[in-house]
Amino acid sequence: MVMVFYGSNGKSNPVSMGNKVEHQTENQITYDIHLPFNLGMLYKVRLGLQNLGNNISQLSLHHFKIQNTSTLDTFSLTINKTLPLSPNGDRWIEFPIQWPLKEALSVVTYHLTVFSRNILNERNLLHMTACIYGTHGDTGDRSLLQSLQNVQQGEKNESFLVIMDAVDLGELEKIVLLISSKTECTLDVKKLHVQEAAKEHPIYVFEVNEEFSVNANKPKTQREIPRSFVIRGEQQKNDIDSNLNKESQVKKLTEYTIKVYTGDKRGAGTDANVHIILFGNEDKSEVFQLAHSLEHQNPFERGKVDTFKIKTKNLGSLRSIEIGHDGKGFASGWFLEKVEITEEAGNSMHCFNCNRSVDQSIITLYMLFSF
């Protein structure tokens, strides 16, 4: 059993109860816990099972009591819940801490809807978790693919509902997705919707529009998805119209495949963070961090080629690029041989030669040829 404590000064790391038993009777276990720092006024506890033993069919939790041994402040709560809810399902419950003369947060049932293209076909091959962050803390990593409800599958799109209970998170801010698999999988996630089960609004919308690839060499991938917008009651029509406009703009985005060639010389690789800007005859792109190579977990190593995919607005015909790095890392010097960029829509490839070292300053490369 594991506990996580949340207070006004932050939250604790997961505290394992395995070796902390102070007293045990038939129906009661007492633990002695020493936290590494003062969490301030506690406001919630998350409790669950880190691993399921073969001999565990269910764990019934009836009552919880916590006491500060210094101040003797005591809190107790009747729980009457069973863990796990299913053999592979969500292994956590959360409850607020009620202190005298202080209003406690409430437990909320959240509906998380995942919109995708192919996750339902791949769900038996992978593990997918989400951690929802709000102004009142986070849910911790919750399993998404074990107990799906309200599954809808169309010709091109699909969606499924995940239900989770958590202490009120306040205004939702971001979601961290973690996807792992022992076999090769590619997932196309469109967006996420989160709302309270008891309320029609607000609906928090997290646009993703990204493919996630995992394989034996890269068994897991993690993305932080910031909140895109919120649909609220009387503003719903305007927000939906805005959402449709955004989706229309997404459809008009141009996808580019960027191949970066690092020179085959001593000290040619870099551990720094590399960024790029594309310039066309009609517009320029935003700044893109080239962090997630399709071939290598550590990009920009000596003599290697790294491929990245980006989507941006229509730039017209590519003319030049700006590329550079922040100089961070143990070995930040970088010898860049060339960059090749393919526009997926027109299937045209543009080559930008460099053949020199790139320091922290940004360098501009002009197109050498295209075909």
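For the structure itself, consult the block above.
The text that follows walks through the structure, step by step, so that each part is easy to find. The written sequence of each chain sets the order in which its residues are numbered from 1. It should be noted that, the model being predicted, local features are given only for residues of pLDDT at least 70 and side-chain atom pairs only at 80 or more, the latter also being counted only at that level, while totals for whole chains, interfaces and linings use all residues. With hydrogens and water excluded, all non-hydrogen atoms of the structure serve as input to the side-chain values.

### Focus: the pattern of salt bridges
Each salt bridge in this description consists of a side-chain nitrogen of Lys or Arg and a carboxyl oxygen of Asp or Glu lying within 4 Å of one another. Taken as a whole, this structure holds 15 salt bridges when the rule is applied. In this structure, Lys309 engages Glu344 in a salt bridge whose closest nitrogen and oxygen atoms are separated by 3.8 Å. Of this pair, Lys309 sits in strand S24 (residues 305-312) while Glu344 is found in the loop between strand S26 (334-343) and strand S27 (348-358), placing the two residues 35 residues apart along the sequence. Per-residue accessibility, obtained with a 1.4 Å probe over protein chains only, is compared with the maximum for each type, and a residue is labelled buried under 20%, exposed over 50%, and partly exposed between these values. On the basis of relative accessible area, Lys309 is assigned to the partly exposed category, the value being 44%. Glu340 is the partner of Lys338 in a salt bridge, and the nearest nitrogen-oxygen pair spans 3.1 Å. The exposure classification of Lys338 matches that of Glu340, with both residues buried. We count a stretch as a helix when DSSP gives it H or I for four or more residues in a row; a strand needs E for two or more, and each element gets its number in order from the N terminus.

### Concerning the side chain of His193
The residue His193 is located in strand S17 (residues 185-196) in this model. Ignoring any residue separated from it by four or fewer positions in sequence, one finds His193 in contact with His111, Leu112, Thr113, Phe115, Ile203, Tyr204 and Val205. Note on definitions: a residue-residue contact is assigned when non-hydrogen atoms from the two residues lie within 4.5 Å.

### Some details on the side chain of Asp138
Mapped onto the fold, Asp138 is located in strand S12 (residues 137-138). Any N or O atom pair separated by 3.5 Å or less is treated as a polar contact, with the protein-specific requirement of one donor-capable and one acceptor-capable atom, and with residues adjacent in sequence counted only for side-chain atom pairs. Within the structure, Asp138 has its side chain in polar contact with the side chain of Tyr6 (distance 2.9 Å). With residues near it in sequence (within four places) discarded, Asp138 still touches Tyr6, Lys11, Lys44, Arg46, Glu94, Cys131, Ile132, Tyr133 and Leu169.

### Some thoughts on the layout of surface pockets
Here a cavity denotes a set of grid points, spaced 1 Å apart and computed over the protein atoms alone, in which a 1.4 Å probe fits but from which it cannot get out, and a pocket denotes an open set meeting protein on both sides within 12 Å along at least five of seven lines; residues with an atom within 4 Å of a point are reported as lining. Grid points are joined across faces, edges and corners, and a volume is the space filled by probe spheres set on the points. Its boundaries defined by the atoms lining it, the second largest pocket holds a volume of some 1,600 Å³. If you trace the second largest pocket, you find 38 residues lining it, with Tyr31, Phe64, Lys65, Ile66 and Gln67 closest to the centre. Mapped onto the lining of the second largest pocket, the elements with two or more residues apiece are strand S1 (2-7), strand S5 (29-31), strand S6 (42-48) and strand S7 (59-67). Each residue receives one of three labels: charged for Asp, Glu, Lys and Arg, nonpolar for Ala, Val, Leu, Ile, Met, Phe, Trp, Tyr, Cys and Pro, and polar for the others, Gly being one of them. In terms of residue class, the lining of the second largest pocket is built from 18 nonpolar, 15 polar and 5 charged.

### Topic: the pairing of strand S25 (residues 318-325)
Within S25, 6 of the 8 residues are buried, which leaves the element mostly enclosed by the surrounding structure. Pairs of strands are assigned from DSSP output, requiring at least two bridges between the strands. Bridge count for strand S22 (residues 274-280) against S25 is 7 bridges, and the pairing is antiparallel. Of the residues in S25, the one forming a bridge with Val274 is His325. Two strands pair when backbone bridges link them, and S25 and strand S28 (residues 363-366) are joined in this way by 4 bridges, in the antiparallel orientation.

### Description of the packing of aromatic side chains
What counts as a ring pair is set by centres within 6.5 Å for rings of Phe, Tyr and Trp (its six-membered ring), and what kind of pair is set by the plane angle: stacked under 30 degrees, edge-to-face over 60, tilted for all other angles. Tallied over the full model, the rule gives 4 aromatic pairs. Taken together, the aromatic side chains of Phe300, Phe308 and Trp334 make up a single cluster linked through ring pairs. Geometrically, a lysine NZ or arginine CZ counts as sitting over a ring once it is within 6 Å of the ring centre and also within 35 degrees of the ring normal. Its end group placed over the ring of Tyr6, Lys44 keeps NZ or CZ at 4.3 Å from the ring centre. The ring of Trp92 has Arg46 lying over it, and the distance from NZ or CZ to the ring centre is 5.3 Å.

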